[in-house]
Amino acid sequence: QVQLVESDGGSVQAGGSLRLSCVVSGSMYRRYCMGWFRQAPGKEREWVARIDSGNWRNYAESAKGRFTISQDNAKNTLYLQMNSLKPEDTAMYYCAADLRWPCRNEYTYWGQGTQVTVSS
């Protein structure tokens, strides 16, 4: 059973930065896919970024040039570095993982979320 716990959300002014963390508990896996999603009040859940065990990364258009997804395997931790934050980035952010290969944008395991609020 894979467990994921997000942390380090918060409230910042527009133009500021945050780095979200997601600690993954469980066995070490040779192949995996991990992603970040977000959901704002009254809106559907939105995919933000993805990374896999080969360290290939891709991003939603809204995140390109501002957000960076990364991982520290020694710490079993996934990160989302967010720079140049905008009010429209305000949402609950979730990390997710899947062990099926190759990667698809469907995830089996989810964290409980961490809130990000950006004020103007």
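A few points on the structure. Treat the numbers as computed from the prediction; the structure is a model and nothing was measured.

### Describing the pattern of salt bridges
Moving on, step 1. As enumerated under the stated definition, the model contains five salt bridges in all.
Moving on, step 2. Its salt-bridge partner being Glu46, residue Arg38 comes within 2.9 Å of it at the nearest N-O pair.
Moving on, step 3. On the basis of relative accessible area, Arg38 is assigned to the buried category, the value being 6%.
Moving on, step 4. For Lys64, the salt bridge identified is with Glu61, shortest N-O distance 2.7 Å.
Moving on, step 5. The partly exposed category is assigned to Lys64, whose relative accessible area is 45%.
Moving on, step 6. Of the residues examined, Glu61 reaches a relative accessible area of 63% and is grouped as exposed.
Moving on, step 7. Salt bridges here are not isolated pairs; linked through shared partners, they connect Arg38, Glu46, Arg66 and Asp89.

### What about the environment of Gln1?
Moving on, step 1. Tracing the backbone shows Gln1 in the segment before strand 1 (3-7).
Moving on, step 2. For Gln1 and Tyr109, which are 108 residues apart along the polypeptide, the C-alpha to C-alpha distance reads 8.7 Å.

### Regarding the environment of Val48
Moving on, step 1. Considering the arrangement of structural elements, one finds Val48 in strand 5 (residues 46-52).
Moving on, step 2. Distance from Val48 to Cys95, taken between C-alpha atoms, is 9.9 Å for residues 47 residues apart in sequence.
Moving on, step 3. Beyond its immediate stretch of four places on either side in the chain, Val48 contacts Trp36, Phe37, Arg38, Tyr59, Ala60, Ala63, Phe67 and Leu80.

### A look at the pairing of strand 7 (residues 67-72)
Moving on, step 1. A one-sided burial pattern is seen for strand 7, the buried positions being Phe67, Ile69 and Gln71 and the unburied ones Thr68, Ser70 and Asp72.
Moving on, step 2. Bridge analysis of strand 7 against strand 8 (residues 77-82) gives six bridges, and the strand direction is antiparallel. If you follow Gln71 over to strand 8, its bridge partner there is Leu78.
Moving on, step 3. Between the antiparallel neighbours strand 7 and strand 8 lie four residues, among them Asn76 with a positive phi of about 50 degrees.

### Remarks on the sheet that holds strand 1
Moving on, step 1. Read from one edge to the other, the open sheet built from four strands follows the order 1-3-8-7, with strand pairing classed as antiparallel. Of all strands in the sheet, those bounded by a partner on one side alone are strand 1 and strand 7. For this sheet, the mean inter-axis angle between neighbouring strands, taken without regard to orientation, is 15 degrees.

### Here we look at the pairing of strand 5
Moving on, step 1. Two strands pair when backbone bridges link them, and strand 4 (residues 33-39) and strand 5 are joined in this way by six bridges, in the antiparallel orientation. Counted as the bridge partner of Trp36 is Ala49 from strand 5.
Moving on, step 2. Hairpin remark: strand 4 followed by strand 5, antiparallel, with six residues in the connecting loop; positive phi at Gly42, about 80 degrees.
Moving on, step 3. In terms of strand pairing, strand 5 meets strand 6 (residues 57-59) through three bridges, oriented antiparallel. Bridging from a neighbouring strand, Arg50 pairs with Asn58 of strand 6.
Moving on, step 4. Taken together, strand 5 and the strand that follows it, strand 6, pair antiparallel across an intervening segment of four residues, in which Asn55 is found at a positive phi of about 70 degrees.

### So, unusual backbone geometry
Moving on, step 1. Following Trp101, the chain continues to Pro102 via a peptide bond in cis, the omega torsion being 0 degrees.
Moving on, step 2. Secondary-structure assignment places Pro102 in the loop between strand 9 (91-98) and strand 10 (109-110).
Moving on, step 3. A positive phi angle is found at Asp8, which is not glycine, with a value near 75 degrees.
Moving on, step 4. Take Asp8: it is sitting in the loop between strand 1 and strand 2 (10-13).
Moving on, step 5. For Asp8, a relative accessible area of 43% translates into the label partly exposed.

Parameters at a glance
Residues numbered from 1 in each chain as written. Predicted model: local features only at pLDDT ≥ 70, side-chain atom pairs only at ≥ 80, totals over all residues. Heavy atoms only, no water. Salt bridge = Lys/Arg side-chain N within 4 Å of Asp/Glu carboxyl O. Buried < 20%, exposed > 50% of the residue type's maximum accessible area, 1.4 Å probe, protein only. Helix = DSSP H or I, 4+ residues; strand = E, 2+ residues; numbered from the N terminus. Contact = heavy atoms within 4.5 Å. Pairing = 2+ DSSP bridges. Axes fitted to C-alpha atoms, helices over the stretch in contact; angles between N-to-C directions.

Treat this as a map of the structure, not an account of what it does.
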